Amino acid sequence: MLVTASDDKTLIVWDGATGQQLQQLRGHDGGVKAVAWKGHQIVSGADDKSVIVWDAATGQQASKLEGHADAVYSVAVEGSRIVSASGDGTAIVWDA
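Keep in mind that this is a model prediction, so the values were computed, not measured.

Undergrad: Can you help me understand the side chain of Ser84 in this one?
TA: Note on placement: Ser84 falls in strand β9 (residues 81-86). A polar atom in the side chain of Ser84 sits 2.7 Å from the side chain of His68. Residues contacting Ser84, with those up to four places away along its chain left out, are Val51, His68, Val72, Ser74, Val75, Thr90, Ala91, Ile92 and Trp94.

Take a look at the structure:
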């Protein structure tokens, strides 16, 4: 599976072999700028200053992490932790 992020506030999950769209994830209130995989979850960051953790199988939002004062431009996963970096000049390490 592949996942893409878009300024239209969505993420799309694709079948990497066929190119078929599998799911469209909606939950951000701004353009999605960053995406990463975390096991069976998808992590996204957006202009709405939030990080959302999604269940990749169901497309449901598992959690929403808030704490940045500006858009989230980068997300990374290290073990069980999520790291997000924002235009506010900060990086936050989340135990999520």
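Okay, back to it.
Undergrad: What is the right way to read the sheet that holds strand β1 (residues 2-5) from this model?
TA: Strand pairing in a sheet relies on backbone hydrogen bonds. The paired strands run either parallel or antiparallel. Read across the open sheet, the 3 strands follow the order β1-β2-β3; overall the sheet is antiparallel. Because the sheet does not close on itself, it has two edges, and the strands there are β1 and β3 (21-26). Averaged over all adjacent pairs, the angle separating strand axes in this sheet is 20°, with direction ignored. Bridge count for strand β2 (residues 10-14) against β3 is 5 bridges, and the pairing is antiparallel. Considered in β3, the bridge of Leu11 is made with Leu25.

Undergrad: It is not clear to me how the side chain of Ser44 should be interpreted in this structure. Could you clarify?
TA: Relative to the helices and strands, Ser44 resides in strand β5 (residues 41-46). Reaching out from Ser44, the side chain makes a polar contact with the side chain of Trp54 at a distance of 2.9 Å. In this structure Ser44 touches Leu11, His28, Val32, Ala34, Val35, Ser50, Val51, Ile52, Trp54 and Val75, once residues within four positions along its chain are discounted.

Rules behind the numbers
- Residues numbered from 1 in each chain as written.
- Predicted model: local features only at pLDDT ≥ 70, side-chain atom pairs only at ≥ 80, totals over all residues.
- Heavy atoms only, no water.
- Helix = DSSP H or I, 4+ residues; strand = E, 2+ residues; numbered from the N terminus.
- Polar contact = N/O pair within 3.5 Å; in protein donor to acceptor, adjacent residues only side chain to side chain.
- Contact = heavy atoms within 4.5 Å.
- Pairing = 2+ DSSP bridges.
- Axes fitted to C-alpha atoms, helices over the stretch in contact; angles between N-to-C directions.

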